[in-house]
Amino acid sequence: MTIYLTPNLSDETIAAMDVFEAFRMGEELLDSRYPRDAVRVLRRVLEAEPSHAAAWELMGRAHFAAAQLVPAEEAFRRLIELEPTSAWAQTALGLSLDRQSRHREGAVHHRLAAAMGASPRDATRVELVDRAIG
């Protein structure tokens, strides 16, 4: 489902949602390009299920899409704690750090993602950082 009108979600409405409904609403809001509203709804999920890796991924994506880079970084770090073998999470954290102009720190996570067989773009990002340093 695509949300076409600006969502009007009160705190009471969000609090009344069950966890599954809040998770799905967070996905829909993010897909419909309302990342800040998605963050509000996903907080409900993470309060109820703090170890829910998929919710942390969505939260990180929502923060990233809203250009809230420090919270995105924190969400992706939490995701990596929960799923240390996720190459996607390593790439996402690397991109969050890159957007904060913390390229050397980002390169560490791009290296890990490349070693895990993620996108060839991770290796390219590492080469660019190495070239700038060297």
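Scroll up to find the structure.
None of the values given here were measured: they were computed from a predicted structure. (Residues numbered from 1 in each chain as written. Predicted model: local features only at pLDDT ≥ 70, side-chain atom pairs only at ≥ 80, totals over all residues. Heavy atoms only, no water.)

Colleague: Mind showing me how you'd approach helix α3 (residues 35–48) here?
Modeller: Three or four residues apart is the spacing at which side chains of an α-helix point the same way, because the helix has 3.6 residues per turn. Helix length check: α3 (14 residues) gives 20 Å between terminal C-alpha atoms against 20 Å at 1.5 Å per residue, within 8%. All of the buried residues along α3 are P35, D37, A38, V39, V41, L42, V45 and L46. Its buried side turned inward, α3 meets α1 (11–16), α2 (19–31) and α4 (53–65). (Helix = DSSP H or I, 4+ residues; strand = E, 2+ residues; numbered from the N terminus. Expected span 1.5 Å × (residues − 1). Buried < 20%, exposed > 50% of the residue type's maximum accessible area, 1.4 Å probe, protein only. Contact = heavy atoms within 4.5 Å.)

Colleague: Would you explain the packing of aromatic side chains in this entry?
Modeller: The geometry of an aromatic ring pair comes down to the distance between the two centres and the angle between the two planes. In the structure shown here, the tally under the stated rule is one aromatic pair. Ring geometry for F76 against W88: centres 5.7 Å apart, planes inclined by 75°, an arrangement best described as edge-to-face. Taken as a pair, F76 in helix α5 (residues 69–82) and W88 in helix α6 (residues 87–99) lie far apart in primary sequence, twelve residues in all. Using a relative accessible area of 2% as the deciding quantity, one classes F76 as buried. (Phe/Tyr/Trp six-rings, centres within 6.5 Å; stacked < 30°, edge-to-face > 60°.)

Colleague: Sorry if this is basic, but what is going on with the packing of α4 against α5 here?
Modeller: For any two helices packed against each other, one specifies the inter-axial angle together with the distance between the axes. Where α4 meets α5, the closest approach of the two axes is 8 Å, and the angle between their N-to-C directions is 160°. Relative to α5, the element α4 lies roughly antiparallel. Read as a crossing pair, α4 and α5 show a hand that is left-handed. Of the residues in α5, those touching α4 at A53, W56, E57, M59, G60, R61, H63 and F64 are L69, P71, A72, A75, F76, R78, L79 and L82. When its residues are assigned to classes, the contact of α4 with α5 shows eleven nonpolar, two polar and three charged. (Axes fitted to C-alpha atoms, helices over the stretch in contact; angles between N-to-C directions. Parallel < 35°, antiparallel > 145°, perpendicular 65-115°, else oblique. Left-handed = near helix turned anticlockwise from the far one by under 90°. Nonpolar A, V, L, I, M, F, W, Y, C, P; charged D, E, K, R; others polar.)

Colleague: I keep staring at the side chain of H110 and nothing clicks. Help me out?
Modeller: Residue position: H110 is located in helix α7 (residues 103–115). We classify H110 as buried; its relative accessible area is 1%. Those residues in contact with H110 that lie beyond four places of it in its chain are T91, G94, L95, D98, D122, R125 and V126.

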